[in-house]
Structures are given as structure tokens and as C-alpha cells.
Amino acid sequence: MKFLTDSGIEIRRVYTDLEHPIGEPGKYPFLRGIQDNMYRSRLWTMRQYAGFSTAEESNKRYHYLLKNGTTGLSVAFDLPTQIGYDSSHEFADGEVGKSGVAIDTLKDMEILFDGIKLENITTSMTINSTASILLAMYIALAKKQGADLSKLSGTIQNDILKEYAARGTYIYPPTPSMRIITDIFEYCSKEVPNWNTISISGYHIREAGSDAVQELAFTLANGKAYLKAAIDKGLDINVFGKRLSFFFNSHNNLFEEVAKFRAARRMWAAITKELGATDERAMMLRFHTQTGGSTLTAQQPINNIIRVTIQAMAGVLGGTQSLHTNGYDEALALPTEEAAKIAIRTQQIIAYESGVTDTVDPLGGSYFIEALTDEIEAKAWEYIRTIDAMGGSVKAIEEGYIQKEIASSAYNYQNDITSGEKVIVGINKFTSEEKPLMNLLKVDDAIRAFQIDKLNTVKAERDNTKVAAALARLAADAKGTANLMPAILEAVECYASLGEIADVLRLVFGEYKG
């Protein structure tokens, strides 16, 4: 009988040798971690991905999380916000505040972070097509708070390529989308130098059904495309390369996940060096980890606490810089306060009670881990060479190659569950009758009317002459070659709405139909 990882790599009965030296942590190629002391000096940032309903409600949750030990905020936006529609738009009906918080104008951002000094917290924003607008709102709020923008720290996801391949919240075609992304790189390197301008995401690739090798390969291939686009724009890889970060998924196969994270660092170091990086800090792969949403089950949901613990442990053993742990009830609804508290306590128990933070790369040198790291890396390079031969990630996405590979993996995985070859406790083995969870968090459809009233009030009170001028400037800049961020920031500061700004760019760039 063969034993396989989730990526189909055969596991030997026993591992008895190391094929090569594995190096030291904090040194190129960073296999063992990007800092020489790792968690002995500083723990990872403990984030909880949160945002629902209105800015008012989400602000309450943020204060609750901060009170309970969260060290960084991670903002979830609702679907209309993600695809550039105001809450008043007909397409927003039924979606306002459901998958995240609704943000229509700078006013909402002010409410969202009421009582929270942006200079004193790191914030991650899961936003892509409208990342430039939400980042501009965040910067505008920081300016209103009197913050030193050079100290502003956080991350925008800003990874449009994986949207075309796996997730679908794109607006504009690839070429103008890549322009917006590199404009953000350029602007932030000068104005907000400590901001991570992109979080190149494998998370959603994995959620769409890829295996671990595909997640690694497609994510790094996308990262390579962003590097080349920025270099073509004339940016210095040794400058903007330091502000790139990654976002990976963590699933239940503990050792495969650890090996994936370790391989990712070594591969990214090689990719950046090949493209001209000479500063080792520009070669370091910094990453955020989120436990696997698609692994959560609605059946026997308390089991998800154990799954999340295993996945979080994999992220820590793999050397993550930031971690979000899912709530056990998220297969059924947005997490309740109780579920969110258990999720953050999971991280805290790992950090302070498990002992795994006491030494750097505690699994390093394991015959099994080192062999598995090498095998995952070799398979990922095969994918990357195929994508390079096609002309890079943009071409591979346009031709549907990456999407087909993910779909095939998802199909095979589901077949394995259906056949019982892959055991999911509570789904196809060890099932039982159970009572449904009570007190799930539900978002009231009535909040759309509340959000529209707030938007109408802002539009009535703002200087609409200034708004019109700012939007006209944005249209002119979009038709030309100017960096778009200053014009977007000007529009945001006039309280132009997210939908108004996105619509200007829709008119200039068009919409991508897939």
C-alpha cells in the first residue's frame, strides 16, 4: 500500500539521509527562516480576519479582538466593496455587509477605525480590484489622525492575477490592472515606505481546489510576473522587493504544509536573485498564513477547533510572520465572538505553552522534512518552467492553463472523499447525529438601507464641485501615463465614493469578462 501526501507525493517508510546541507536561518536562501532568531526574538503577528455588516459593527469587533490579545487587524470587505460598487447600486442588493464590512466612502473608514490609532497597529486588508481606493482611504484617515506616514505599517492584498485564476473579484482587464498595481508599488515606496504593497496570495488558489504544490507554484509564478512588471516600469527590485509579502493557506497535512513554506522561501530567493536582486532583504519571502477555510466542516463543527490547531501549528513550524486562525463555526456563518476568541486563544496557546517557539526551525534537519521540501520544490519548479514557456502567468491565465490545473485537482480531491479513499472525520467516517449550532451570527438585510442613508448624507454634505474636479483629474490621469494614486487619494479626501472612483476607471479601462 502506498502512502501519499495531498499533492500525490509518495511517502517512504523511513527517511535515513540528508541530500545536502540545509544552511542557517536568516541567511540566503532562507530555507530555515528569514530571521536568525525567529520567534525567540519576536512572535508572529496574531491577526483575526474580521469585518461584517456596517463599519460601526465591525469597529466593535475590532475593539473586542484587540482587548483579547490580537496584535494586528485583518479587514474583510463585503462583495460590493470588493468589485467597486456602492451599497446603493442595484448589484449590491442582498450582498451589503454579508461577506465583510461595507465601505462606501472615507466616512466609513473613519468609523471602522474609530478609537484605533493607525500608527500603532498593523492592518491587513483583503482587497484586490479596489485595493488602490481602500489604501487611499486608509492613508487619508492616517493623515487626519496626524500619523507619520513613514511609520504606517500593514498590507493590501492587491493580487489581481489570482482573481482571474481562482477567485473572480476582478473589474478591469489584466493590463490596466497590472498598471494600477505597479503604480501602488511606486507611490508607496516614496510616500508610505513601510507598507507592504502586495500580498501575493496562494490562499485563494488553494481554496479553489489546488493542491499544495500547485498553490506554491502558481503563487510564485504570479509573484514573478509582478516583479517583471515593476522592473519594466523602471522600479528597483532592491527597493520594492522589500515590500512584497505572500499569503499562504495551511491545510491538515502537517508535514506537507511545513515543507511547502520552507520550499517557498528557498524558491523565492532564487527567483529574485535571477531577476537582479542583490540586497538580501529583497530576496526574503515574508508571508501571512490563514488556516484552511475549505477544510472546515458544517458537520461536527467543534472538530474544526482541532483542524485549525493543526493548521496553525504548521504555519508556525514553517516560519510564518503573521497568522489568522479560523473560527470553528465559519462553515455555517460569519464567526461569533465566542468562536473568534477560541481562534485567537489557539494562537496564544501555541505561542506561550507549546514550546515550539523556543528554537528556530524545530523540524529542520528531519530526514523526512528535508526530503519532502526538496520534492515539493522540484514539482513546483516543473509548473513554473511550464508557465514561463507559455510567456508567464498572465498568458497562462489568459489561456486557461492555471484554471484547468486547479479544477482538475479539485475534481480529484472530491472524488477521493466520495470514494472514501480520503477520510474526512464527520463527513465520510465517524459520522453521528447532532444538534445544529445555535446563536450563529447573521447579518440583517436591513443594513443596506442604513448604509445607503449614510452614503446619501455624505453626498449631500460634501463639496460636490471638488468631487467632480477630482474625478475629472482621475479620468485624465487614467487616459495618460501618470501614477494614479495621487488622483485617487484626492478623490477619496473629497469623499468621492468607492463606486464613483471605480466607475471612472471602468469607463477608461473597460471591464474584463473572462
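Everything below is about the structure printed above this text.
Remember, it's a predicted structure, so these values are computed and weren't measured experimentally.

Asker: When you look at the overall build of the protein chain in this model, what are you seeing that I'm missing?
Answerer: From N to C terminus, the protein chain includes 19 helices and nine strands. In summary, the protein chain has a C-alpha radius of gyration of 22 Å against a globular reference of 24 Å for 514 residues, a match within 12%. Sequence separation of at least 24 residues holds for 79% of the intrachain contacts in the protein chain that already meet a minimum separation of 6. For the protein chain, the exposed area adds up to about 20,700 Å²; of that, 51% sits on carbon and sulfur atoms.

Asker: I'm lost on the sheet that holds strand 2 (residues 72–76) in this one. Help?
Answerer: Each strand in a sheet pairs with another by means of backbone hydrogen bonds, the pair being arranged parallel or else antiparallel. If you trace the nine strands from one edge of the open sheet to the other, you get 5-4-3-2-1-9-8-7-6, paired in parallel fashion. Edge positions in the sheet fall to strand 5 (195–196) and strand 6 (198–201), since each has one partner strand and no second. Here five bridges tie strand 7 (residues 244–250) to strand 8 (residues 287–291), and the two strands are oriented parallel to one another. Residue pairing in the sheet places F248 in a bridge with T289 of strand 8. Strands strand 7 and strand 8 of the sheet are contacted by helix 10 (residues 254–274), whose axis makes an angle of about 160° with strand 7.

Asker: Got a minute to help me understand the nonpolar core in this structure?
Answerer: If you look at the biggest cluster of nonpolar residues, it comprises 67 residues, and the most contacted ones within it are L112, F113, M137, L152, W195 and V492. When contributions to this core are tallied by element, the ones reaching two or more residues are helix 1 (55–67), strand 2, helix 3 (106–112), helix 4 (131–144), helix 6 (174–191), helix 17 (464–479), helix 18 (485–493) and helix 19 (498–509). Ranked by residue count, the leading element in this core is helix 4, at eleven residues.

Asker: Looking at this model, I keep getting lost on the environment of G115. Mind explaining?
Answerer: Mapped onto the fold, G115 is located in the loop between helix 3 and strand 3 (122–126). Overall, G115 belongs to the exposed group, its relative accessible area being 68%.

Asker: Can you walk me through the pairing of strand 1 (residues 45–50) in this structure?
Answerer: Every other side chain in a regular strand lies on the same face of the sheet, so the side chains alternate between the two faces. Burial within strand 1 is extensive, with five of its six residues counted as buried. Judged from the three bridges that link them, strand 1 and strand 9 (residues 322–324) form a sheet pairing that is parallel. Opposite R47, over in strand 9, you have H324 as the bridge partner. Taking the sense of rotation as the criterion, the β-α-β connection linking strand 1, helix 1 and strand 2 turns out right-handed.

Asker: Please explain the packing of helix 4 against helix 6 as it appears in this structure.
Answerer: Helices that pack against each other are described as a pair by the angle of their axes relative to one another and the distance between those axes. Where helix 4 meets helix 6, the closest approach of the two axes is 11 Å, and the angle between their N-to-C directions is 25°. Taken together, the axis directions place helix 4 and helix 6 in an arrangement best described as roughly parallel. Of the residues in helix 6, those touching helix 4 at S132, L135 and I139 are I180, I184, Y187 and C188. Across the contact of helix 4 with helix 6, the residue classes break down as six nonpolar, one polar and no charged.

Asker: Whenever I open this one, the packing of aromatic side chains confuses me. Can you help?
Answerer: Here a ring pair, both rings aromatic, is described through the centre-centre distance and the interplanar angle of the planes. Overall, the coordinates contain 20 aromatic pairs when judged by the stated rule. Ring geometry for F261 and F287: centres 5.0 Å apart, planes at 25°, overall stacked. Here the residue F261 occupies a position in helix 10, and F287 occupies one in strand 8, the gap between them amounting to 26 residues. Members of the aromatic cluster, connected to one another through ring pairs, are F246, F248, F261, W268 and F287. Between the NZ or CZ atom of K273 and the centre of the ring of Y28, over which it lies, the distance is 4.7 Å.

What counts, and at which threshold
Residues numbered from 1 in each chain as written. Predicted model: local features only at pLDDT ≥ 70, side-chain atom pairs only at ≥ 80, totals over all residues. Heavy atoms only, no water. Helix = DSSP H or I, 4+ residues; strand = E, 2+ residues; numbered from the N terminus. Rg over C-alpha atoms; globule rule 2.2 N^0.38 Å. Contact = heavy atoms within 4.5 Å. Areas by Shrake-Rupley, 256 points an atom, 1.4 Å probe, with all protein chains shown as cover. Pairing = 2+ DSSP bridges. Axes fitted to C-alpha atoms, helices over the stretch in contact; angles between N-to-C directions. Core = buried A, V, L, I, M, F, W, Y, C linked by side-chain atoms within 4.5 Å. Buried < 20%, exposed > 50% of the residue type's maximum accessible area, 1.4 Å probe, protein only. Right-handed = clockwise from strand over helix to strand, strands pointing away. Parallel < 35°, antiparallel > 145°, perpendicular 65-115°, else oblique. Nonpolar A, V, L, I, M, F, W, Y, C, P; charged D, E, K, R; others polar. Phe/Tyr/Trp six-rings, centres within 6.5 Å; stacked < 30°, edge-to-face > 60°. Lys NZ or Arg CZ within 6 Å of the ring centre and 35° of its normal.

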